[in-house]
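For reference, the chains in residue letters:
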Amino acid sequence: MAAYLCPPAVIHGEHAVKTSEIVAEVRDRHPHAAWAPRIDGIAASTGIETRGWMLPLETAVAPGEGGGLRAVGTEPTQQALVRDGFTQQEVDRVMAALASIPAPQTVQERTAPAWEAVQSYGERAARGALQTAGLDASDVDCLITSHSTTPALPGLDMTLANRLQLRSDVMLLPATQWACIAGTRSLALAADLVAADPDRVVLVVISEALSTTYQPADDTLESLIVRLLFADTAVAAVVTGRPRPEAVLRLDAAWHHTLPGTQDLHRLETRADGTHFVMDRRGPRAVQETVTAMWEWLHARYQDDPDAWHPDVLLAHPGGTRVLEYMEQTMPDTWPPGLLDHSRDSYTSGNRGGAAVFDILRRAHDAGLQKPGNRAVLYAAAPGLTATALEGQWL
């Protein structure tokens, strides 16, 4: 399974949103929530001071159009008031009052601008990845895309096919529901594709506007945590079946693991006011199970050399600090410290979902500390609950 990965392009959300701004907005909106007295401590525990969004915070918290009249409609409301004996002047006053009542944004109002941003950011990331790899759009044979937070049909694959002017025979593989696992699973799929045809060039593009899960009216503790965690990012990278001067990592093996009966632990729900990310407190423990299974895979892969082998860098997106801590606690004592430094660094500016592993890889590349021959392990877990890891060698 020799596949060659060029450095990814990473486009962060251009609107800096501070944790203090989120805390102020939530405290003002939900002053009597059960968790309100603890909000400062909860925010501090994330370790995130700011994150980049594709759209500003004001867009996420703005009321929808139409006010309180939207649910029933202007005409039916006027007719009902007239039937009940209201004068026209009274009807006008009531209608004005109802129209002034803030109403949540609809799914369309929330998703439409985010979808436009996802397409724009994805295009920028794709062009950046091709330039980094020294290739043109005409060289692409296959395009893999993912964008789980802005469902659309046609999706990002068709947008990029047209905007990049890809060849008409390019294989388009949209994977909208991969979510947090998009980074590792897209690379595993790309590696399989180039193994079948080493002359293939695969372009991977992941563009996530996770800020669309920021739901102002939701007063649950889980919704508060979601508000504090997520960042928006678009990433892209080129995978080839033959070595290129620009390649930084050779992918040698992939591993997949799915836990049965865990599909309800983390999930997206579409409600009247948009997309909600729902978390269960059992989630981190389930993710830890996939980490344990990954260690077993690596142990079996290097059973002939269990004492001498270790990764030199671990590019992991487990979704939270608790799982990062678990990974460190369950590593063999002989492994060197600091394997997760780049993962921790990425997380300090937000959870990037499916784009996270590419962002972490870019940080490792830019740090310039890896030497040819160093071993790298890439890992991610996603709602489902499912995980994919890859093991390879730095070039």
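Cut-offs applied
Positions within a chain are numbered from 1, following the residues in the order the chain's sequence is written. The model is predicted, so local features are restricted to residues of pLDDT at least 70 and side-chain atom pairs to those at 80 or more, both for listing and for counting; the totals for chains, interfaces and linings are taken over all residues. Calculation of side-chain values draws on the structure's entire complement of heavy atoms; hydrogens and water are dropped beforehand. UniProt positions are given in the numbering used here, feature names are shortened, and annotations may be inferred rather than shown by experiment. Helix and strand definitions follow DSSP, with helices as H or I runs of at least four residues and strands as E runs of at least two, each counted in order from the N terminus. For this analysis, a ring pair means two rings from Phe, Tyr or Trp (six-membered ring only for Trp) whose centres lie within 6.5 Å, classed as stacked if their planes differ by under 30 degrees, edge-to-face if by over 60, and tilted for the remaining angles. Partly exposed residues are those whose accessible area sits between 20% and 50% of the maximum for their type, while under 20% is buried and over 50% is exposed, using a 1.4 Å probe and protein chains only. Charge-over-ring contacts are defined here by two conditions on Lys NZ or Arg CZ: a distance within 6 Å of the ring centre and an angle within 35 degrees of the ring normal. Criterion for a salt bridge: a side-chain nitrogen of Lys or Arg within 4 Å of a carboxyl oxygen of Asp or Glu.

If you look the chain up in an unreviewed UniProt entry, it shows as Type III polyketide synthase from Streptomyces violaceochromogenes.

The feature "domain: Chalcone/stilbene synthase N-terminal" (unreviewed entry), as given by UniProt, occupies residues 105-242 in the numbering adopted here. Helix makes up 43% of residues 105-242 and strand 18%. Its end C-alpha atoms lie 49 Å apart.

Going through the model one piece at a time under the given rule, you end up with 6 aromatic pairs. Aromatic pair Trp53 and Tyr214: ring centres 5.5 Å apart, planes at 75°, arrangement edge-to-face. On the criterion of sequence distance, the pair formed by Trp53 in strand β4 (residues 50-53) and Tyr214 in the loop between β7 (201-208) and α9 (221-229) is long-range, its members being 161 residues apart. Residue classification places Tyr214 among the buried residues on the basis of a relative accessible area of 1%. Look at Trp255 and Trp297: their rings are 6.1 Å apart centre to centre, the planes differ by 25°, and that puts the pair in the stacked class. In this pair, Trp255 is assigned in strand β9 (residues 249-258) and Trp297 in helix α10 (residues 283-301), connecting sequence segments 42 residues apart. By the burial criterion, Trp255 is buried, and Trp297 matches it. Over the ring of Tyr121 we find Arg124; its NZ or CZ atom is 5.1 Å from the centre of that ring. Lying across the ring of Tyr214, Arg227 places its NZ or CZ 5.2 Å from the centre.

Our focus in this paragraph is the pattern of salt bridges. Scanning all chains against the criterion turns up 21 salt bridges. A salt bridge links Arg363 to Asp345; the nearest nitrogen and oxygen atoms lie 2.8 Å apart. Placement of the pair is Arg363 in helix α13 (residues 356-367) and Asp345 in helix α12 (residues 341-347), with a sequence separation of 18 residues. A relative accessible area of 36% means that Asp345 is categorised as partly exposed. Members of the salt-bridge network, linked through shared partners, are Arg250, Asp252, Arg301, Arg375 and Glu391.

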